[in-house]
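A closer look at the structure
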Amino acid sequence: MEEFQHSYSRLCKESGSEPQETVLQQLQELPRGRLDLATQSLTVDTCRALGKLLQKEVLLTELILSDCMLSEEGAALLLQGLCAHTVVRFLDLKGNNLQAAGAEALGQLLRQNKSIQSLTLEWNNLGTWEDAFATFCGALAGNGTLRQLDLRNNQISHKGAEELALALTCNASLQQLDLRWNSIGLLGGRALVNSLPRNRTLWRLELAGNNIPGDILRAVEQAMDHNQERQTTSRENQARTHVLSKEVKHLQEEKSRQFLDLMETIDKQRKEMARSSRASAACVGQLQEALNERHSIINALKAKLQMAEAALALSEQKAQGLGELLATAEQEQRNLAQRQAKEHRMEQQEAAEREFKLLRDLSAANEKNLLLQNQVDELERKVRAQQEQLFLARQELSNTTAELKMRANQAEERLELEKKRSRQSLEDLEQLRAKEVEHMTRHLEESERAMQERVQRLEASRLSLEEELSRVKAAALSERGQAEEELIKAKNQVRLEERQHLAHLEEKLRLQAQARDEAQSACLQQRQTVAEAQARASQLGLQVEGLRRRLEELQQELSNKDQEKVAEVTRVRVELHEQNGRLQAELTAQEALKEKVAALERRLKVIAGDHREALLDRESENASLREKLRLKEAEIARIREEEAQRAGFLQNAVLAYVQGSPLRAVNPQK
C-alpha cells in the first residue's frame, strides 16, 4: 500500500497540485483490498489522480466514497477510472449529491465495468434529472454482473420508476433493489408491479416511504416470494442433478475399474496357462527321451500309468464337482435375474400408483378451483345487482329533484296570482306558503333519510361481500398451503425412493462382487487341478480348454449383467426427470391459479372503487340539492321582506290618506 501512496503523491505533483494529507493518512492505514475514504472532502485533482490509479490498480475489491462532497467533474473522473477496473466488487457513493453528469457517468460505468456486484447510491439526486436517469436505467438493463443496488432518497418520480421497470424487464442479474423514501407514487408502483412477472432474478424489492397503496406493496411481496421460491427450487434441482451425476460417474468409474481388474486377471490366467503348457511340452519331451533311452523300465512306467489313471479319475471327479458348482452358480444367477424382474415390476406398479394419486389430487384441485370460480361469479352477480340498485336510486333522486322543481315553479305562479288578486290576503298567503315550504322540506328530509338508509344498506351489503371475499381468499390460501404440503410430501417420497433404489443397487453390486469372487476362487481351484494333471495326461488339457470356454461365457454373462444395470440406472434417471417435469407442471398450474386469484382481487378492487365513486356522486348531488333548497329559502325570505315592506308602505299610505280626508277634519275624535 506504500506503493499506492507514492503513486498518488507522484500523480498529484505531476498535475501541479499538492496531495491531501487526510487522503495520505487513509492510504497509509489502508487494509488489504479495501479503500475507505468516507467523509473525506476530495478535490478535483485528487479525484483525477485516484481515477488514473484505479485504471492500473488490481488489488482493491471494496471502494467506499460516501459523504465525500464530490463535484460533478470529480465524480466523472473517478467513475471513468473505475470503468476499466476488473477486481472491485463493492462501490459506495452515498451522500455525494450526484446529479445529471453523475448519472451519465454511472451509466457508462455500468456499461463497461464487468466486476461490480454491489452499488450504493443513497442520498443523491439522480431522479431529479429524468433524461440522465433514463440513461442510467438503460445501462442497468444491459448490465450482467450487478447483484445489489441501493437508490434510497434519490427523489425518483413515477417517470423514473417507469424507466427502472423497463430496465428490470431486460436485466437478468439484479437480485436486491432498495427504493425506499422516494416519490414513486401509484403510477410508478404499478409500472414496477407490471415489470416483475418478466424478471426471474429479483427476490428483494424495498418500496417503503413512496406513497404506494398497500395492494401494490402486497403484489410486490407476492412476486418477490414467487421469485425466491423459484430460485430455491432451481438450486435444489441443480444440486440434485449434480449429486446424481456424481453418483453415476462414480458408478461408471467403479464399473470400469472392475472391468479392468477382471481383464488383468484374465490376462494373468492366460499367461499362466501358456507357461504351464510350455512346461508340460518340455516334460513330455523329456518323457519321450526317457522312453527311447530306457526300454527296460516299461513295467515301472505301466505302474506309473496306472497311478496316473487313478489321478485322472480323481481329477474327473473334481471336474464334476466343479461342474455342479457352476450349475449352482448359474441357478443363483437365474434366481437373481427373476428377483430383479419382480422388483422392476413392483417399481413400475408403485410408479403407476403414484401417478394415479397425483392425477387424482390434480382433479381435486381443479374441482376446488371450479368451486372458487363459481363463488367469484356469484359475487360478481351480487355486485351487478348492487350497481342496478344504485342506478335505480339515482333515477329516483332525479325524479324527486324534478318534482321539487315543478312544485317550486307552481309555488311561484301561485305567489304571483295571489299578488295580483289582492293585497289584503297577504297574511293568509304567507301562511299557505309557509305550510308548503314546510311540506317540501319535510318531503326532502324524508327522501334524504330514505336515500341515506338505502346507502347504509348498500354499504352493509358491500361489507358482507368483502367479508365473503376474504373468506374465499383464506380458503384459497389454505388450499394452496395444503397443495404445497402435498408437493413437499411427494418430493420427500421421491427422495426416499431414490435412496432406497440406490441402496438396492449397491446391494446388487455387492452380490455381483461376491459372485465374481466365488468365480475367481473356482478359477483358481481349476488352475491348481490343471497344474496337477498336466504332467500326467493330455486329456486334462482338453478339459481345461472346456473350463476356460465356460469361464469366458461366465465373463460374458457378467458383462451383460453390467450392461443391464447401466440400462436400469438410465431408466431410473429418465423416470426421475419425468417426475420432475410433472412437478414443474403442477407448479405452473398453481402459479396460474395464483394469477387468476390476483386478477379477481383486482376486479373486486375496481368494482369497490366504482362503488365509492357512485357514493361520492350521490353525496355531491345531495349537497347540490341542499344548496338549491337553501337558495330557494333565501329567495322566499327576500320575497317576504319585500311584501312586508310593501304592506308597510300601503299601511302608511292608507293612514296618510285617512288623516288627510275631510271626514277626519269633521270628526277628529274618531
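These numbers come from a predicted model, not from an experiment.

Next up on the list: the overall build of the protein. Looking only at helices and strands, the protein features 13 helices and seven strands. Taking 670 residues into account, the globule formula puts the C-alpha radius of gyration at 26 Å, and the protein, at 50 Å, lies well above it. Reported as C-alpha extents along the three principal axes, the dimensions of the protein are approximately 215 × 80 × 30 Å. Of all 670 residues assigned to the protein, the portion counted as buried reaches 32%. In the form shown here, the protein has an accessible surface area of approximately 41,700 Å², with 53% of it arising from carbon and sulfur atoms. Taking the average location of the 98 positive side-chain charges in the protein and that of its 107 negative ones, the two points are 2 Å from each other.

Here we take up a nonpolar patch on the surface. The grouping of Phe259, Leu260 and Met263 at the surface amounts to a nonpolar patch, some 300 Å² of accessible area in total. In this structure, Leu260 sits in helix α9 (residues 214–293). In this structure Leu260 comes out as exposed when scored by relative accessible area, which is 51%.

This next bit is on helix α8 (residues 185–195). What sets the pattern is the α-helix's 3.6 residues per turn: residues three or four places apart point alike. Looking only at α8, the buried set comprises Gly185, Gly188, Gly189, Ala191, Leu192 and Ser195. Considered in projection along α8, the buried side chains sweep an arc of 160° and stay on one side of the axis.

Where helix α5 (residues 100–112) meets helix α6 (residues 130–142), the closest approach of the two axes is 8 Å, and the angle between their N-to-C directions is 10°. Compared by their axis directions, α5 and α6 come out roughly parallel. Here the hand of the crossing between α5 and α6 comes out left-handed. Residues Ala100, Ala103, Glu104, Leu106, Gly107, Leu110 and Arg111 of α5 pack against Ala132, Phe133, Thr135, Phe136, Ala139 and Leu140 of α6. Across the contact of α5 with α6, the residue classes tally to nine nonpolar, two polar and two charged.

The gaps of empty space that remain are located by a probe, the size of a water molecule, rolled over the atoms. A full pass over the atoms with the stated rule returns six cavities of 30 Å³ or more. Empty space within the second largest cavity amounts to approximately 130 Å³. Taken together, Leu244, Glu247, Val248, Leu251, Glu498, His501, Leu502, Leu505, Val569, Val572, Arg573 and Leu576 form the lining of the second largest cavity. Going through the elements one at a time, α9, α11 (426–534) and α12 (539–659) are the ones with two or more residues in the lining of the second largest cavity. Grouping the constituent residues of the lining of the second largest cavity by class yields eight nonpolar, one polar and three charged.

What follows is about unusual backbone geometry. The backbone phi angle of Asp67 is positive, close to 55°, even though this residue is not glycine. Along the chain, Asp67 falls in the loop between β2 (62–64) and α4 (72–83). Asp67 gets classed as partly exposed once you look at its relative accessible area, which sits at 37%. Backbone geometry places Asn97, a non-glycine residue, at a positive phi of 55°. Counting through the fold element by element, Asn97 comes out in the loop between β3 (90–92) and α5.

Attention now goes to α6. Between its terminal C-alpha atoms α6 stretches 19 Å, which fits the 18 Å expected from 13 residues at 1.5 Å a residue. All of the buried residues in α6 are Ala132, Phe133, Phe136, Cys137, Ala139, Leu140 and Ala141. Each element contacted by the buried residues of α6 is listed here: α5, β5 (148–150) and α7 (158–170).

Tracing the chain through its elements places Ser173 in the loop between α7 and β6 (176–178). Within the local environment of Ser173, its side chain forms a polar contact with the backbone oxygen of Leu146, the two atoms lying 3.1 Å apart. Apart from the residues lying within four places of it in its own chain, the contact partners of Ser173 are Asn143, Gly144, Thr145, Leu146, Arg147 and Thr201.

On to the packing of α6 against α7, then. Helices that pack against each other are described as a pair by the angle of their axes relative to one another and the distance between those axes. As a packed pair, α6 and α7 sit with axes 8 Å apart at the nearest point and diverge in direction by 15°. Classified by the angle their axes make, α6 and α7 are roughly parallel. Once α6 is placed against α7, the crossing between them reads as right-handed. Contact residues: α6 offers Glu130, Phe133, Ala134, Cys137, Leu140 and Ala141, while α7 offers Lys159, Gly160, Glu163, Leu164, Ala167 and Cys170.

What follows covers the confidence of the model for the protein. Reading fine detail from the predicted coordinates is not recommended where pLDDT is low. Confidence in the prediction for the protein averages 82 pLDDT; 93% of positions are at 70 or higher. When the criterion is pLDDT under 50, residues 662–670 qualifies, and its contacts beyond four places in sequence or with other chains add up to three contacts.

Analysis parameters
Residues numbered from 1 in each chain as written. Predicted model: local features only at pLDDT ≥ 70, side-chain atom pairs only at ≥ 80, totals over all residues. Heavy atoms only, no water. Helix = DSSP H or I, 4+ residues; strand = E, 2+ residues; numbered from the N terminus. Rg over C-alpha atoms; globule rule 2.2 N^0.38 Å. Buried < 20%, exposed > 50% of the residue type's maximum accessible area, 1.4 Å probe, protein only. Areas by Shrake-Rupley, 256 points an atom, 1.4 Å probe, with all protein chains shown as cover. Lys, Arg positive; Asp, Glu negative; His and termini not counted. Charge placed at Lys NZ, Arg CZ, Asp CG, Glu CD. Patch = residues over 30% accessible without salt bridge, like charges linked within 9 Å, V, L, I, M, F, W, Y side chains within 5 Å. Salt bridge = Lys/Arg side-chain N within 4 Å of Asp/Glu carboxyl O. Arc of directions from axis to C-beta. Axes fitted to C-alpha atoms, helices over the stretch in contact; angles between N-to-C directions. Parallel < 35°, antiparallel > 145°, perpendicular 65-115°, else oblique. Left-handed = near helix turned anticlockwise from the far one by under 90°. Contact = heavy atoms within 4.5 Å. Nonpolar A, V, L, I, M, F, W, Y, C, P; charged D, E, K, R; others polar. 1 Å grid on protein atoms, 1.4 Å probe; cavity = no way out; pocket = protein on both sides within 12 Å on 5 of 7 lines; lining within 4 Å. Points joined across faces, edges and corners; volume = space filled by probe spheres on them. Expected span 1.5 Å × (residues − 1). Polar contact = N/O pair within 3.5 Å; in protein donor to acceptor, adjacent residues only side chain to side chain. pLDDT = per-residue confidence, 0-100.

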